[in-house]
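Letter by letter, the chains look like this.
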Amino acid sequence: MSTHTREQIVVVGGGMVAHRFVEALRDRDTEGRFEITVIAEEPRPPYDRVALTSYFTGRDPEDLNLGADALWADDLVHLRKGTGVSAIDREAKTVTTDRGQVHPYDHLVLATGSYAAVPPVKGKDLRGCFVYRTIDDVADLRGYVEQIRASDPTRTVRGAVIGGGLLGLEAAGALQALGAESTVVEFAPRLMPLQVDEGGGQELRRLIEGLGVTVRTGTATARILGAKARKVTGMEFSDGSRSDVDVVVFATGVRPRDELARDAGLEVGERGGVVVDSRCRTTDPAVSAIGEVACIEGRVWGLVAPGYTMAEITADALLGGDSFFPGADTSTKLKLLGVDVASFGDAFATTPGALEVVYSDSVSGAYKKLVVSDDAKTLLGGILVGDASSYAGLRPMVGRELGGDPSSFIVPASDTTSPMPQLADDAPVCSCNNVSAGRIRAAVTEENAGTLADIKACTKAGTSCGSCLPIVKKVFESQQELAGIIVSKALCEHMPMSRSELFNAVKVARLTTFSEIIERFGTGRGCDVCKPTIANILASLGNGHILAGEQGSLQDSNDHVLANLQKDGTYSVVPRIPGGEITPEGLLAIGQVAQDFGLYTKLTGGQRIDLFGARIDQLPAIWTRLVDAGFESGHAYGKSLRTVKSCVGSSWCRYGVQDSVRMAIDLELRYRGLRSPHKLKLGVSGCARECAEARGKDAGIIATENGWNLYVGGNGGATPKHAQLLAQDLNDDELVRAIDRFFMYYISTAERLQRTAPWLEELDGGIDHLRAVVLDDSLAIADDLDAMMAHHVSAYRDEWAEVLSDPDKLARFTAFVDDATDVDTDLLYVVERDQIRPATPAEKLDDGIELVTQSRTPVRVAGPTLEVRS
């Protein structure tokens, strides 16, 4: 179809809902009827606005981008970034951009979203006042806080958030992530007044204040105070009290961006928003409105799920469908400052005759309420604070009979058995993407979806906020069982077991070599999947040095030479520096090694010094120097403990309540060399200000006045996850024992390359089950777990020190096949652009050119070198 005959679709706005519309239309428009132009004000493609706070935990803004890049590379999709629309001409059916460009349309889709509402408070325009809406907003906030800190590193930045709703608590978390003090000011008598009731608000406040955030409810802000430089210095409240602050974040709601529609003469709602019918059409049939700018059923919906539904409806309408808006699912489940909060259905029991079933436990920090019909059979809604693990199973049951005592669904499993109701086909499973249980089942039976990844690709379930993944997985697996489908958990073609099954089989059988394992449990000679996995299992079970005997041939490229291979072919050297504590002599030793071997040095976020640019043959010489200086392997190359990050704690910081440095050093020395399914990272913060970012670690420890709080299952990387609270106010021995058991249970049951966050997410019973195993010994395996860790601690040996004392292990560290002493002096090389190439005959006679030999002694050049054979 030629461009001239295609219908032109113009989308104004480049947010999450606009992205969903474009994706939906292109997926269904198999004939190429439409050409789509998206005009977006922000200078970047659509991104996940819900995950903005992860920007403060080090996540790259590009990681927030939605969907695949291929969508914007599509010949029928044109994304105009950094461009606004100044006018709509409905008669001519064109839009004009702020750059003067005119785009004709056959159908116009308004997806302009909302803007952050700022109350008319005096001083709101002072420097230091921010909103929390876009990447640019949060980048400006971060830059301002860092600027204050840079001007006076000893000063604590004081932040305040006006608004105690969803966005306000996210903003408070962002301030804490920046190391600033945080105060939340809410006009209503409780936090999150639109999502939780009075009981839930009280528990939420206790949990939030326990994390170091000051909360002021029932408080109105009268004005923002400023100095002569027009910078924020404080706040004054309606009761006359004041508070000193440096930064103020407004999080008081949003308003629809409907100014274009107003100017174009389209009908808008009484409280704003472009009025649309149930098919998202405005009063002009050639114009639709979707997302937060649309006023549908008399109101504007400030949630992503209704916006996605509108996007799908509009795409369907353009293709001749007759779908309509079914009403909005206002359910929400969020983790705010590490605290789970969920609200669904008729959470406030407004239905006539509704009954409330409440479970509250302030000791464990949990508040749960179910709203049921007057006969206590039908679920109407609920509120979960502190522990929202039952949300995924309960939300799809709204409007349906529970089939059991309502209290059994919210009382902890240790007290009673929590049933899992069978979901009807039309029960909603993923509200973000409007996916039902029946759609999941159809993907299994009709589209041959054999993995959770297949389900995501087929249905989009679980690809947005991710809170539905546990129930999606349960529906998927139960349907596979009904269909008689056996899903292979085999590691590879040579090993029919999963990693967790193989771990326990090897442990019980007490096998110690790959040959024994493959002969007994597998077939063939192995591959690059099962070999390093078996090597990892043997190392986890304390089977000696990873390069000893047969094990040496099983390792991957990094473990094979106890160093990380870099992209230029050289290797990195990472000595362990427990807790980041190092002597001046140690610093001098590392510096001298780096200078002598021409290595690039880098201070890392894990409180270590990495050395880059070493050739493989230089590694033993480098490590000889480092071992002599008292250093040992930092295991940066292994699936093992990496670092235990710490703040300075009570030793130096005036806010520290426990000695976090000592604890970090003790933990790093205890778990060093511990091999696991994936790398492990810990963090220890000396107070609730959380300077060590402990809740982003596999095991995070935060000091309290009464001891230590232990969080587990946090990960960074492409899919960052906050850790979940496992235990509170532990003493030193209790903390170490809990971490011991957590690590060993994970190592014993996780799958290949599975980090702690997805492992915990897939663990039946989740954090409650883990808590029962680790703290209450519910499986009667605590003694076994303790013994496994005790064996690891007693058997630990520094891997590099053992290599240096063993000629057989040293033999693998050569750059060439020929012996290190067999140097061909006729082969000369030229240093060029930090690389080494063979010299030409003419260059061998040129005194002005620096030549080096094949010798393996260190060659001092400007940067990393690479020896290339002639």
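Everything quoted here is computed from the prediction, not taken from an experiment. (Residues numbered from 1 in each chain as written. Predicted model: local features only at pLDDT ≥ 70, side-chain atom pairs only at ≥ 80, totals over all residues. Heavy atoms only, no water.)

## Quick notes on the overall build of the protein chain
Our working definition: Numbered from the N terminus, helices here are DSSP runs of H or I no shorter than four residues, and strands are runs of E no shorter than two. Note on contacts: a residue pair qualifies if any of its non-hydrogen atoms lie within 4.5 Å across the two residues.
Scanning the protein chain from terminus to terminus reveals 25 helices and 40 strands. Summarising the internal contacts of the protein chain: among those between residues at least 6 apart in sequence, 62% fall at separations of at least 24.

## Considerations on the confidence of the model for the protein chain
The following threshold applies: By definition, pLDDT measures how confident the predictor is in each residue, and it falls between 0 and 100.
Per-chain confidence: the protein chain averages 85 in pLDDT, with 88% of residues scoring 70 or above. Looking at the elements of the protein chain, mean pLDDT is at its lowest for strand β39 (residues 835-838), recorded as 49, and at its highest for strand β7 (residues 107-110), recorded as 97. Confidence drops under pLDDT 50 across residues 832-836; counting only partners more than four residues distant or on other chains, this segment forms 16 contacts. Overall, residues 854-870 carries pLDDT values under 50, and its contacts beyond four positions in sequence, including any with other chains, amount to 58 contacts.

## Some details on the pairing of strand β14 (residues 232-237)
Residues in a regular strand point their side chains to alternate faces of the sheet. Quick note on the threshold: Burial classes follow relative accessibility: with a 1.4 Å probe on protein chains only, a residue under 20% of its type's maximum area counts as buried, one over 50% as exposed, and anything between as partly exposed. Only strands that DSSP links by at least two bridges are regarded as paired with each other.
Of all six residues in β14, five are buried, a share of seventy percent or more. Where strand β13 (residues 221-226) lies against β14, five bridges are found, and the strand directions are antiparallel. Within β14, the residue paired with Thr 221 across the bridge is Phe 237. Between the antiparallel neighbours β13 and β14 lie five residues, among them Arg 230 with a positive phi of about 60°. Bridge analysis of β14 against strand β15 (residues 242-244) gives three bridges, and the strand direction is antiparallel. Across the sheet, the residue bridging to Met 235 is Ser 243, located in β15. Hairpin connection from β14 to β15: four residues lie between these consecutive antiparallel strands, with Gly 240 at a positive phi of about 90°.

## Some details on helix α12 (residues 499-509)
Taken as a whole, α12 has its buried residues at Arg 499, Ser 500, Leu 502, Phe 503, Ala 505 and Val 506. Two residues or fewer after α12 comes Arg 510, characterised by a positive phi angle close to 55°.

## Points about the packing of helix α19 (residues 732-749) against helix α22 (residues 782-795)
Operational definition: Fitting a line to C-alpha atoms yields each axis, with helices limited to the stretch in contact; the angle taken between N-to-C directions then spans 0 to 180 degrees. Any angle between 65 and 115 degrees counts as roughly perpendicular, while under 35 counts as roughly parallel, over 145 as roughly antiparallel, and the rest as oblique. Each residue gets one of three labels, nonpolar for Ala, Val, Leu, Ile, Met, Phe, Trp, Tyr, Cys and Pro, charged for Asp, Glu, Lys and Arg, and polar for the others, Gly among them.
Viewed as axis vectors pointing N to C, α19 and α22 meet at an angle of 95°, and their least axial separation amounts to 9 Å. Here α22 runs roughly perpendicular to α19, going by the angle between their axes. Contacts between α19 and α22 involve Arg 737, Asp 740, Arg 741, Phe 743, Met 744, Tyr 745 and Ser 748 from the first element and Ala 782, Leu 785, Asp 786, Met 788, Met 789 and His 792 from the second. Looking at the contact of α19 with α22 residue by residue, the class counts come to seven nonpolar, two polar and four charged.

## With respect to the sheet that holds strand β29 (residues 564-565)
Pairing is antiparallel in the open sheet, where four strands are placed in the order β29-β30-β32-β31. Of all strands in the sheet, those with a lone pairing partner are β29 and β31 (600-603), marking the two edges. As judged from the three bridges shared by strand β30 (residues 571-573) and strand β32 (residues 609-614), these two strands associate in the antiparallel manner. When the bridges of β32 are listed, Val 573 appears paired with Leu 611. Docked against the sheet, helix α15 (residues 584-596) engages β31 and β32, running at close to 15° with respect to β32. Here helix α16 (residues 619-628) sits on the sheet and contacts β30 and β32; the angle it forms with β30, its principal contact strand, is near 5°.

## Some words on the nonpolar core
To be explicit about the condition: What is meant by a nonpolar core is a set of buried Ala, Val, Leu, Ile, Met, Phe, Trp, Tyr and Cys residues, joined one to another through side-chain atoms within 4.5 Å.
Counting residues in hydrophobic clusters, the biggest one holds 84 residues, and the most contacted among them are Ile 9, Val 11, Phe 21, Leu 108, Leu 110 and Ile 290. Looking at this core, the element that brings in the most residues is helix α1 (residues 16-28), giving seven residues. If near-sequence neighbours (up to four positions away) are discounted, Ile 9 is found in contact with Phe 21, Leu 25, Phe 34, Glu 35, Ile 36, Thr 37, His 107, Val 109 and Leu 318. Listed in part, the 61 residues of the second largest apolar core include Cys 530, Ile 534, Leu 726 and Met 788.

## Some remarks on the side chain of Glu 42
Following the sequence through the fold, Glu 42 ends up in the loop between β2 (34-39) and α2 (70-73). On the basis of relative accessibility, which here comes to 19%, the residue Glu 42 falls in the buried class.

## Topic: the environment of Leu 370
Mapping Leu 370 onto the fold places it in strand β25 (residues 366-372). Given the relative accessible area of 0%, Leu 370 is considered buried. Once residues lying within four places of it in the same chain are set aside, the contact partners of Leu 370 are Phe 344, Leu 355, Glu 356, Val 357, Leu 379, Gly 381, Gly 382, Leu 394, Pro 406, Phe 409 and Ile 410.

## Some points on unusual backbone geometry
Even without being glycine, Ala 376 reaches a positive phi, approximately 60°. Relative to the assigned elements, Ala 376 resides in the loop between β25 and β26 (379-385). Judged by relative accessible area, Ala 376 falls into the partly exposed class, the value being 27%.

## Things to note about the environment of Gln 592
Turning to its location among the elements, Gln 592 is positioned in helix α15. Sequence-wise, Gln 592 and Arg 625 are 33 residues apart; in three dimensions their C-alpha atoms are separated by 9.5 Å.

## Re the packing of aromatic side chains
Rules: Aromatic contacts are taken between Phe, Tyr and Trp rings whose centres are within 6.5 Å, Trp giving its six-membered ring; a plane angle under 30 degrees counts as stacked, one over 60 as edge-to-face, and the others as tilted. As a reminder, the over-ring test applies to NZ of lysine and CZ of arginine, requiring each to be within 6 Å of the ring centre and within 35 degrees of the ring normal.
Taken as a whole and assessed by the stated rule, the structure comprises ten aromatic pairs. Seen in terms of ring centroids, Trp 800 and Phe 813 are 5.0 Å apart; in terms of plane orientation they differ by 40°. Their pairing is tilted. With Trp 800 in helix α23 (residues 799-804) and Phe 813 in the loop between α24 (807-810) and β38 (828-832), this residue pair connects regions lying 13 residues apart in the sequence. Chaining the aromatic ring pairs together yields one cluster made of Tyr 671, Phe 742, Phe 743, Tyr 745, Tyr 746 and Trp 759. The ring of Tyr 308 has Arg 20 sitting right over it, with the charged end atom 4.1 Å from the ring centre. Stacked on the ring of Tyr 655, the Lys or Arg Arg 689 has its end atom at 4.5 Å from the ring centre.

## Structural notes on the pattern of salt bridges
Definition in use: Put simply, a salt bridge is a Lys or Arg side-chain nitrogen that is within 4 Å of an Asp or Glu carboxyl oxygen.
Evaluated as defined, the whole model comprises 48 salt bridges. Residues Arg 205 and Glu 209 are paired through a salt bridge, measuring 3.1 Å at the closest nitrogen-oxygen approach. Taken together, the positions of Arg 205 and Glu 209, both in helix α5 (residues 198-210) and four residues apart, correspond to about one turn of that helix. In this structure Arg 205 comes out as partly exposed when scored by relative accessible area, which is 27%. Assessed through its relative accessible area of 36%, Glu 209 is described here as partly exposed. Note that Arg 695 and Glu 690 form a salt bridge whose closest N and O atoms lie 3.4 Å from each other.

## Some details on the sheet that holds β13
Taken in spatial order, the three strands line up as β13-β14-β15 in an open sheet, and their pairing is antiparallel. Each end of this open sheet is capped by a strand with a single partner; those strands are β13 and β15. Averaged over neighbouring strand pairs, the angle between their axes works out to 20° when direction is ignored.

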